[in-house]
Amino acid sequence: MPSASTTISSQNSYYGSYILNLSWSESSPNIEANTSKITATATLSSNTAAFSSTTCTMTLKWYDGTHGWVNMGSYSFTQAGDYYYGFGSPKIEKSIDITHNSDGNLSGYVQVDLNCNSNAYAPNSKSLATGSQALSTIPRATDVNLSTTRQYMGSSVTISGSPHSSGFSHEIYYQLGGADKVSIASLGTGNFSQSWTIPTSLANSVTNSTFADISIIIDTISNESVIGTKSKVLTILVPDSYKPSVSVSNISEANSTVAVKFGRNYYVQSKTQLKFTISASGTYSSSIVSTSLKIDGQGYTFSDSTATTNTINSSGDVAYEIVTTDSRGRSFSHTGIVSIHAYTTPTFYAASAKRANSSYGVDESNGVYALLLFNYAITPLDSKNNASFVIQYRKKNGSWSGVNSWSSYSQNTIYHAGNLFSDTTSEYEVRFGLKDYFLSDYIWFSVIVPTTYTLINFGGNGKGVAFFGQSSCTTNSSTVNVMEVYGTLKVSGSDYATTIQSLVNRLNSLESWKSQVLAGNTDVMIDVN
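What comes next is a walk through the structure. Residue positions within a chain follow its written sequence, with the count starting from 1. At least 70 in pLDDT is required for a residue's local features to be given in this predicted model, at least 80 for side-chain atom pairs to be given and counted, and no such filter applies to totals for whole chains, interfaces and linings, which use all residues. The side-chain values count all of the structure's non-hydrogen atoms but skip hydrogen atoms and water molecules.

## Overview of the sheet that holds strand 21 (residues 298–301)
Counted only if it meets this: In this description, strands pair whenever DSSP reports at least two bridges between them. In this text, helices come from DSSP runs of H or I with a minimum length of four residues, and strands from runs of E with a minimum of two, each type numbered from the N-terminal end. Axis angles are defined between N-to-C directions and span 0 to 180 degrees, where every axis is a line fitted to C-alpha atoms and, for a helix, only to the segment in contact.
The four strands are arranged 21-20-23-24 in an open sheet whose pairing can be described as antiparallel. Only two strands of the sheet have a single neighbouring strand rather than two, namely strand 21 and strand 24 (331–340). Each strand of the sheet is rotated relative to its neighbour by a mean of 20°, with strand direction disregarded. Of the pairings in the sheet, the one linking strand 20 (residues 288–295) to strand 21 comprises four bridges and is antiparallel in character. Directly across from Ile 295, in strand 21, lies its bridge partner Gln 298.

Dropping the structure here:
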């Protein structure tokens, strides 16, 4: 209980002094009216002075920052023999109902003013106040209760409360960020439990995250006025299903070389470059941050809804994946396949050329006919590819002449080409060529056809001899078929027998020469001069 006391002298101090006491208390809080009762008491007493010919008034006042000064009442008294040297004391006690602030709080104090007439026995006029004191808080705003503090948009949450007075009604709102409050429900008096489904449209305001905090606000109302407001935070979650989307609107050939020949929708292994055109979009106002493509082991980033790959090296059903990510950080994956036609560069599996007789039996000693064998393949690409196979021949270091040409995609053939090798003393070269749409020039495979083969040939003057395949020899020398890189071996002798024996002895002493002779790989000249 706040109180105060002071001593007051008589107007003529000779006649003693007085004591002024003041106190006050709070009681009877009224929740619905938002009031409490203030009761103040002031007394004036003395053991040394008499109220002779005295007339005084004591006035009680309440003060707070909301109402200012509020008069509680006055009490006037005069000398009548009742108050004399301690026989009784003038007393005033007054009560008022004071209204608290809207939040139920209020602070204030009481003051007493003593005013007396001019009289030597009377006390001097005086004002006495207690210190400021906070009144009891009168509960006003209803607390907010939520069934959960985290919930997905599109799902419900229960908002409940128990008002401090059964006469209070309520208005419930939600508020996201700095946006305006949005009404959820207007409720009557008494306890309440309100189910509320969180609008999915709120996702349009949550574009850079998967959640947001909103305030659930309850205004408590009495006599059509808001007497208090309380709120609680509810975290709302963007549903997991709210993801971006992406679809492929077109896939086409980006390599003009392929497109000109095969069309924009025909794809060739090791030649095709694919151009993907997509349509990607966010959901509930999210934006697309990035979109990527993975195919054939390579990754690409879309720009302006398109991405062009490097050359596709795989064939068959080639899988691809497109992943798009939105401003919420959520991703969506689209997968598919592209059919790539298998392709290999034109290939020779075998090619050879032999001297033959007119019946096309192999005849390396005297044959002048050409017996050719070839096995090749060109990828047809559904018969859309070009195909060209040619055979040409020439005497070694001469000019090329055509033998024949074909436009088939593959052959495994023994071909009788006629008497191409008419000069038995000359080497010939045969080449086979392959070409398709993608080659600017032929792929060539060449074969050397040697001169005819004779075990021993003698020179025209009887002084020369040739061994192992030479059709003739120079005068006064002998020739043995050995590797060319070994050059000429000269052996002196007075007759052929000596020459041959010397050759054999020499070759036997040179193992590497001997092995090349037996293999029939080149020429060694033997000079018998």
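## Some words on the side chain of His 100
Heads up, the rule is: Per-residue accessibility, obtained with a 1.4 Å probe over protein chains only, is compared with the maximum for each type, and a residue is labelled buried under 20%, exposed over 50%, and partly exposed between these values. Counting of polar contacts relies on pairs of N or O atoms within 3.5 Å, with two restrictions inside protein: one atom must be capable of donating a hydrogen and the other of accepting it, and residues adjacent in sequence are counted only when both atoms are side-chain atoms.
Note that His 100 resides in the loop between strand 6 (91–99) and strand 7 (107–116). The class of His 100 is buried, set by a relative accessible area of 4%. At 2.7 Å, the side chain of His 100 forms a polar contact with the side chain of Ser 36.

## Overview of the pattern of salt bridges
To keep things clear, this is the line we draw: Just to be clear on terms, a salt bridge is a Lys or Arg side-chain nitrogen sitting within 4 Å of an Asp or Glu carboxyl oxygen.
In total, this model carries eight salt bridges according to the counting rule given. The partner of Lys 230 in a salt bridge is Asp 143, with the nearest N and O atoms 2.5 Å apart. A residue pair is termed long-range when its members are at least 10 positions apart, and Lys 230 in strand 17 (residues 225–237) and Asp 143 in the loop between strand 9 (133–134) and strand 10 (145–146) qualify at 87 residues. According to the relative accessible area criterion, Lys 230 is partly exposed, its value standing at 35%. We classify Asp 143 as partly exposed; its relative accessible area is 37%. We note a salt bridge from Arg 394 to Glu 429, for which the minimum N-O separation is 3.1 Å. With Arg 394 in strand 27 (residues 387–395) and Glu 429 in strand 30 (residues 428–436), this pair connects stretches of sequence that are 35 residues apart. Classification of Glu 429 as buried rests on a relative accessible area of 13%.

## Focus: the environment of Ser 281
Convention followed: When checking whether two residues touch, look at their non-hydrogen atoms; a contact exists if any pair is within 4.5 Å.
Within the fold, Ser 281 resides in strand 19 (residues 273–281). Placed 34 residues apart in sequence, Ser 281 and Ser 247 show a C-alpha to C-alpha distance of 9.3 Å. Sequence-distant contacts of Ser 281, defined by excluding residues within four places in its chain, comprise Pro 244, Ser 245 and Ile 288.

## A word on the sheet that holds strand 31 (residues 443–449)
Within the open sheet, the four strands sit side by side as 28-27-30-31. Their pairing is antiparallel. Strand pairing shows two members of the sheet lacking a second neighbour, strand 28 (401–406) and strand 31, which therefore form its edges. Pairwise comparison of adjacent strand axes, ignoring direction, gives a mean angle of 15° for this sheet. Sheet topology note: the strand 30/strand 31 ladder contains seven bridges and is antiparallel. Among the inter-strand pairings, Arg 431 is bridged to a residue of strand 31, identified as Ser 446.

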